[in-house]
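What the coordinates show
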Amino acid sequence: MFSDPTKILFQFSLAHVDNRAVIDDPRFRFVDKNRVCHFFDEWSLEECRETDELPWLMLPNVYQRHRISSLTATFLCEKCAKHSDFLNGTETESTGVSFGDGGSVSSFHERMPKAELHLHIEGTLEPELMFDLASRNRVALPYKSPDEVRKAYEFSDLQSFLDIYYQGTRVLLRDRDFYDLTWAYLQKAHEQNVRHAEIFFDPQAHTERDVPIPAIIDGIHQALRDGEQRFGISSKLILSFLRHLSGEDAMRTLEAALPYRHAFAGVGLDSSECGHPPEKFTDVFARARDEGLFVVAHAGEEGPPDYVWQALDTLGASRIDHGVRSVEDPALVERLRSQRIPLTVCPLSNVKLRVFESIENHNLPQLLDAGLCVTINSDDPAYFGGYINENFQAVDEAFQLTLHQLRTLARNSFEACFMDESRRSRLLEELDTIFTAGGTLPIRCDPGPS
Ligand code: ADE
Ligand code: ZN
């Protein structure tokens, strides 16, 4: 019946309104037989009767993504000057796929199945777990409480964050610690409808403290396997090299990890970007590609577009982490667009690390408008104020994303990930179900007493 799945229609019975109904919220639009007419602030009942149907109202995006119970649509009957609060607390009845509890239009981004493609497992270390692990491992912390840790999370740039982030990793010593860290993340991911996660780990941040590579990899790997069993979250582990260290150090790390090759699927490049161009790591990435590992790299977060070119052409990256500075180079944007090279964008991270002054200044809309395969991710959620859904929420609020854009972002996450094609198709189908069958939600509201 409804051709445009990005609209949600609400049906009202207005039988009790015997003259003109005036809606006092100019953001409502009247939809005449599924045709959006115009914004209106006045609406006559006669007009509706002519259509021989109950009138339809289309709620604008701002309402589509909130719970119905929090909405109030007030109609004024001019004749009797009485108000009716149609939506507030009235019983609703939904058809088709449910939008969640009681037919609520809870945030789409929360319910969308999605993939998380840019997440540093060490960046999921919540202050409470940091304290637990510190006491278990008898590691002294320079903070008195988890609250004090959180207060310390004010960053001026990437480096100021990394200094604190590496300090946090000191509590991770044994395989059990890596297991607990990863398991805590997977529980959160499950709550947020993450179906697939591609997770970085920084072995050099641990081996320099004499933590053995098998302890790191086994702990994370076992949790990922358990997460697949328990929550159905598929995953890939990505061994990431620290770019402030040398190419030789990266090569030694890869060689030491290769006996555990079964447990990781890709390599990445992270840490301090400026002054550490991708080409420093040409040899180790060539070696990784020879091993059949997939290649991604952080580039264009703080560094220039040239680093993105290098990541693509010198390292052979098939996906770029961050990449937001790519927009400074139109030829690069065209390359990313035409080859569908995904960018794993992390909005809250970018604001916390002052890549953008505020979320409203983020260039996500520009990236989407350029037709790039952009995904939304959380980077280091314990440090930046939120996991994947909080990232979605932040950009959704800032830019009033359309349902089409939300759907595109989720679709992109499944397009951009490394998974077998049958699972990819199933997840895309699951996503489509929400937006087609569930994309229209006719609701009949009985009028309140007039
Ligand atoms: N390591 C953890 N988070 C990072 C980020 N946002 N950029 C570079 N390296 C990182
Ligand atoms: Zn990152």
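See the structure above.
Each value, and the rule that gives it
Residues numbered from 1 in each chain as written. Chains lettered and ligands numbered in written order. Predicted model: local features only at pLDDT ≥ 70, side-chain atom pairs only at ≥ 80, totals over all residues. Heavy atoms only, no water. Donors = N, O, S within 2.8 Å, 3.2 Å for Na, K, Ca; no water. Helix = DSSP H or I, 4+ residues; strand = E, 2+ residues; numbered from the N terminus. Buried < 20%, exposed > 50% of the residue type's maximum accessible area, 1.4 Å probe, protein only. Salt bridge = Lys/Arg side-chain N within 4 Å of Asp/Glu carboxyl O. Near = heavy atom within 4 Å. Polar contact = N/O pair within 3.5 Å; in protein donor to acceptor, adjacent residues only side chain to side chain. Areas by Shrake-Rupley, 256 points an atom, 1.4 Å probe, with all protein chains shown as cover. Nonpolar A, V, L, I, M, F, W, Y, C, P; charged D, E, K, R; others polar. Axes fitted to C-alpha atoms, helices over the stretch in contact; angles between N-to-C directions. Parallel < 35°, antiparallel > 145°, perpendicular 65-115°, else oblique. Left-handed = near helix turned anticlockwise from the far one by under 90°. Contact = heavy atoms within 4.5 Å. Core = buried A, V, L, I, M, F, W, Y, C linked by side-chain atoms within 4.5 Å. Phe/Tyr/Trp six-rings, centres within 6.5 Å; stacked < 30°, edge-to-face > 60°.

Coordination of the zinc ion (ligand 2) by the protein comes from His118 (NE2), His120 (NE2), His298 (NE2) and Asp379 (OD), over a distance range of 2.0 to 2.2 Å. Mapping the donors of the zinc ion (ligand 2) onto the primary sequence yields the spacing H-x1-H-x177-H-x80-D. Linking His118 in strand β9 (residues 114–120) with Asp379 in the loop between β16 (374–376) and α16 (381–384), this pair joins segments that are 261 residues apart in sequence. By relative accessible area, which is 2% here, Asp379 ends up buried.

Here we take up the pattern of salt bridges. What the rule picks out here adds up to 16 salt bridges. Residues Arg335 and Asp313 are paired through a salt bridge, measuring 3.0 Å at the closest nitrogen-oxygen approach. One end of the pair, Arg335, is in helix α13 (residues 330–338); the other, Asp313, is in helix α12 (residues 305–313), and 22 residues separate them in sequence. Note that Arg340 and Glu415 form a salt bridge whose closest N and O atoms lie 2.8 Å from each other. Here Arg340 is found in the loop between α13 and β15 (343–345), whereas its partner Glu415 is found in helix α18 (residues 403–415), with 75 residues between them in sequence. Overall, the relative accessible area of 35% leaves Arg340 in the partly exposed class. Taking the relative accessible area as the measure of exposure, Glu415 reaches 36% and is therefore partly exposed. Here the residues in one salt-bridge network are Glu126, Glu128 and Arg150, joined through shared partners.

Attention now goes to the site of ligand 1. The full set of residues close to ligand 1 is His120, Leu158, Phe161, Leu162, Tyr165, Asp270, Ser271, His298, Glu301, His322, Asp379 and Asp380. With respect to ligand 1, the side chain of His322 contributes an N or O atom lying 3.4 Å from a nitrogen atom. Look at ligand 1: alone it shows 260 Å² of surface, and the protein chains cover 100% of it. A breakdown of the residues in the shell around ligand 1 according to their chemical character gives 4 nonpolar, 4 polar and 4 charged.

Interhelical geometry of helix α4 (residues 127–137) versus helix α7 (residues 175–191) gives an angle of 165° and a closest axis separation of 11 Å. With respect to α7, the element α4 is oriented roughly antiparallel. Our pair here, α4 against α7, has a crossing hand that is right-handed. Taking contact as the criterion, the partners of Leu129, Leu133, Arg136 and Asn137 in α4 are, on α7, Arg176, Asp177, Asp180 and Leu181. Classifying every residue of the contact of α4 with α7 by side-chain character gives 3 nonpolar, 1 polar and 4 charged.

Counting residues in each nonpolar core, the largest one holds 104 residues, and the members touching the most others are Tyr185 and Tyr383. Top element by residues in this core is helix α9 (residues 213–231). It accounts for 7 residues. When residues no more than four places from it in sequence are discounted, the contact partners of Tyr185 are Glu116, Leu119, Ile121, Thr124, Val194, Ala197, Ile199 and Tyr387. Counting residues in hydrophobic clusters, the runner-up holds 9 residues, among them Phe414, Ala416, Met419 and Leu428.

Under the criterion given, the structure shown has 14 aromatic pairs. Ring geometry for Tyr165 and Tyr383: centres 6.0 Å apart, planes at 65°, overall edge-to-face. Remark: Tyr383 occurs in helix α16 and Tyr165 occurs in helix α6 (residues 158–168); sequence separation between them is 218 residues. An angle of 15° between the planes, with centres 6.3 Å apart, marks the rings of Tyr179 and Trp183 as stacked.

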